[in-house]
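Next come the chains, spelled out residue by residue.
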Amino acid sequence: MKRPTSSYIFWTGMLLLFVPGLLHAYLLMPFPGSQNLEAIKLCYYLEKIILPLRIAGALVILWYFVKYFTNSRRWGKIAKVTILVLGLSSFYITDFAFKASTMFEEPKTIKFADAVANKVPESYIVLGVVRNGVAKAYPLVYLGYHHKVQDSVGDLPVLVTYCTMCRTGRVYSPVIDGKRQTFRLVGARHYNAIIEDESTGTWWYQATGEAAVGPMQGSYLKELPYEQSSLGAWLNKHPGSLILQPDGHFKSDYDDLKDYDVKQAVDRDST
């Protein structure tokens, strides 16, 4: 009876330690079938309990190794250690390789240039915002990687966003209940980026600004006026505009998207 009991303890610990993180990563990234599931609430609450479940799982596995491991057969020991090591390697997948905030980092430097010093080709598509005589243009090739840029145009705080899966650009006010928020990229649901504000922890759909789940559920971010056009067309209307320049830390990521707006095939799953 001891061997089945000890195996049950080991597998319970493995389940708690690894499965919630793997499920969370699967549901928040565009893996086959994941985006069609109605699972945003599951993702939201799962994220909050992953760490406690991992701690519980680690303690259960530690208990197994202290109390039962030495009594296992040689091949049983090798198999369990191998499985544990493989399981630990999944942390790279769930917490780095397929974690939105590490796959698509925030800009490290936000630098603008006028038309004279600008290095962005005028054929590039931009989102443009004007406020009290101040104009700024945000090229999609950079927004597409970062998914969002948090900035100000004149005295106006702006959250400039773009989702490459649904090809949607939106500009929102980052002010919620009178307080300017910092947003993080959570992942994607239904082929649209999900962002979270720092104060309330609400998850918002990028394409609509709707609060999908969390304390602000059912409310909307305030959308701000903007235009989408080629940089050349934008500068014809606003010759004094400032243009967001590339952050040198992400050159290879930008290069992957340089022909995005004209060459990338539409994702069949997202149609």
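These numbers come from a predicted model, not from an experiment.

Draft legend 1. How the structure looks around the packing of aromatic side chains. Scanning the model with the defined rule gives 20 aromatic pairs in all. Note on Tyr44 and Tyr45: the rings are 5.0 Å apart at their centroids and 90° apart in plane angle, and the pair reads as edge-to-face. Since its relative accessible area comes to 5%, Tyr44 is described here as buried. You can call Tyr45 partly exposed: its relative accessible area is 48%. Following the ring pairs from residue to residue traces out a cluster consisting of Phe10, Trp11, Trp63, Tyr64, Phe65, Tyr68 and Phe69. A cation over a ring is seen here: Lys48 above Tyr44, with NZ or CZ 4.5 Å from the ring centre. The ring of Phe69 is capped by Lys77, whose NZ or CZ atom sits 5.7 Å from the centre of that ring.

Draft legend 2. Just the sheet that holds strand 10 (residues 192-197), in detail. Pairing is antiparallel in the open sheet, where 4 strands are placed in the order 9-10-11-12. Either end of the sheet is taken by a strand with one partner, and the two such strands are strand 9 (183-189) and strand 12 (211-213). Taken over all neighbouring pairs, the strand axes of this sheet differ in orientation by 40° on average, direction set aside. Sheet topology places strand 10 next to strand 11 (residues 203-205); 3 bridges connect them, and they run antiparallel. Its bridge partner lying in strand 11, Ile195 is registered against Trp204.

Draft legend 3. Looking closely at the pattern of salt bridges. This structure, assessed with the given rule, holds 10 salt bridges. Here Asp95 ties to Arg54 by a salt bridge, and the two come within 2.9 Å at their closest N and O atoms. In this pair, Asp95 sits in helix 3 (residues 74-97) while Arg54 sits in helix 2 (residues 40-67), placing the two residues 41 residues apart along the sequence. Taking relative accessible area as the criterion, Asp95 reaches 34% and is therefore assigned partly exposed. Measuring nitrogen to oxygen at the nearest pair gives 3.5 Å for the salt bridge that ties Arg170 to Glu223. Taken together, the residues Arg170 in strand 6 (residues 168-172) and Glu223 in the loop between strand 12 and strand 13 (227-230) connect sequence positions 53 residues apart. Judged by relative accessible area, which is 24%, Arg170 ranks as partly exposed. Look at the salt bridges and you will find they share partners, linking Glu47, Arg184 and Glu196 into a network.

Calculation notes
- Residues numbered from 1 in each chain as written.
- Predicted model: local features only at pLDDT ≥ 70, side-chain atom pairs only at ≥ 80, totals over all residues.
- Heavy atoms only, no water.
- Phe/Tyr/Trp six-rings, centres within 6.5 Å; stacked < 30°, edge-to-face > 60°.
- Buried < 20%, exposed > 50% of the residue type's maximum accessible area, 1.4 Å probe, protein only.
- Lys NZ or Arg CZ within 6 Å of the ring centre and 35° of its normal.
- Pairing = 2+ DSSP bridges.
- Helix = DSSP H or I, 4+ residues; strand = E, 2+ residues; numbered from the N terminus.
- Axes fitted to C-alpha atoms, helices over the stretch in contact; angles between N-to-C directions.
- Salt bridge = Lys/Arg side-chain N within 4 Å of Asp/Glu carboxyl O.

In short, shape yes, function no, at least from these values alone.
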